[in-house]
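Single-letter residue listing:
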Amino acid sequence: MTEIASGTTTTEPRETLTLFLLGFRANALLRPRRWWWLTTAFREMEAELLAAPERGLLHSRTLVGARGLTSVQYWRSTEELMRYAHESGHARAWREFYRRRDGSAGIWHEVYEIGVPQSPDSRGYEAIYVDIPRMGLGRALGTRPVTRETRSAGDRLARAAR
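An account of the accompanying structure is given in this report. As the structure is a computational prediction, the values presented were derived from the model and not from experiment.

Right, let's talk about the pairing of strand 1 (residues 16-26) for a bit. On a regular strand, one side chain projects to one face of the sheet and the next to the other, so that they alternate. Summarising burial for strand 1: ten of the eleven residues are buried, a large majority. Of the strand pairs in this sheet, strand 1 and strand 3 (residues 68-75) are connected by eight bridges, and their pairing is antiparallel. Paired with Phe-20 across the two strands is Gln-73, which belongs to strand 3.

Moving on, we get to the packing of aromatic side chains. All told, the structure shown has six aromatic pairs when counted by the stated rule. Where Trp-94 meets Tyr-98, the ring centres are 5.1 Å apart and the plane angle is 75 degrees; that geometry is what we call edge-to-face. Taken as a pair, Trp-94 and Tyr-98 lie in helix 4 (residues 89-100) at a separation of four residues, close to a single helical turn. Assessed through its relative accessible area of 37%, Tyr-98 is described here as partly exposed. A network of ring pairs unites the aromatic residues Phe-24, Trp-35, Trp-36 and Phe-42 as a single cluster.

Turning our eyes to something else, we now look at the pattern of salt bridges. Opposite charge on two side chains lets them pair, provided their charged atoms get close. Counted by the stated rule, this structure contains seven salt bridges. The closest approach of N and O atoms between Asp-131 and Arg-101, which form a salt bridge, is 2.8 Å. Of this pair, Asp-131 sits in the loop between strand 5 (125-130) and helix 5 (136-141) while Arg-101 sits in the loop between helix 4 and strand 4 (105-115), and the two are 30 residues apart along the sequence. Looking at Asp-131, the relative accessible area reads 28%, which means it is partly exposed. Through salt bridges with shared partners, a single network forms among Glu-96, Arg-99 and Arg-100.

Here we take up the environment of Asn-27. Structurally, Asn-27 can be placed in the loop between strand 1 and helix 1 (32-35). Sequence separation of Asn-27 and Ala-105 is 78 residues, and the distance between their C-alpha atoms is 4.9 Å. Only 3.3 Å separates the side chain of Asn-27 from the backbone oxygen of Gly-103, close enough to count as a polar contact.

The next subject is the packing of helix 2 (residues 37-50) against helix 4. Two quantities define a packed helix pair, namely the angle between the helix axes and the distance between the axes. Viewed as axis vectors pointing N to C, helix 2 and helix 4 meet at an angle of 170 degrees, and their least axial separation amounts to 9 Å. Relative to helix 4, helix 2 is oriented roughly antiparallel. Of the two possible hands of crossing, helix 2 and helix 4 adopt the one that is left-handed. On helix 4, the residues that touch Trp-37, Leu-38, Ala-41, Met-45 and Glu-48 of helix 2 are Gly-89, His-90, Arg-92, Ala-93, Glu-96, Phe-97 and Arg-100. When its residues are assigned to classes, the contact of helix 2 with helix 4 shows six nonpolar, two polar and four charged.

Conventions adopted
Residues numbered from 1 in each chain as written. Predicted model: local features only at pLDDT ≥ 70, side-chain atom pairs only at ≥ 80, totals over all residues. Heavy atoms only, no water. Buried < 20%, exposed > 50% of the residue type's maximum accessible area, 1.4 Å probe, protein only. Helix = DSSP H or I, 4+ residues; strand = E, 2+ residues; numbered from the N terminus. Pairing = 2+ DSSP bridges. Phe/Tyr/Trp six-rings, centres within 6.5 Å; stacked < 30°, edge-to-face > 60°. Salt bridge = Lys/Arg side-chain N within 4 Å of Asp/Glu carboxyl O. Polar contact = N/O pair within 3.5 Å; in protein donor to acceptor, adjacent residues only side chain to side chain. Axes fitted to C-alpha atoms, helices over the stretch in contact; angles between N-to-C directions. Parallel < 35°, antiparallel > 145°, perpendicular 65-115°, else oblique. Left-handed = near helix turned anticlockwise from the far one by under 90°. Contact = heavy atoms within 4.5 Å. Nonpolar A, V, L, I, M, F, W, Y, C, P; charged D, E, K, R; others polar.

All we've got here are geometric facts, nothing functional implied.
Here is the structure:
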């Protein structure tokens, strides 16, 4: 059982922090064979990160919803998050999603840089949605198609709002 911290508490101060929200949505609930593998991929990525704290993940929590999963992750830096996204389980899952993509499930993520901007050109957030209804930041701010200039998360972080 989780220990309850009595009283009012706050966090230790940090200059920067990266909040990463990652999820999938089952669009075809009656076709779990098409999307169930995503639940396994989420568990494998979380286990990979928890086994290697030097990668930069500070804390992770997975929330289960009626149509899918959402992982709420706190990272030391965006650079460590981007490194993980390109070199490990996440990259394998991303490639597998595009290989199997048939509309039965959608994936999404949102990245928020909190505190001092990690680069002078950063706008502090970026997001991508694939086969997903409008939600989260995309619903709040609107969406537009991904282009060659906005294909990578790093490119989207560096783009000035227009």
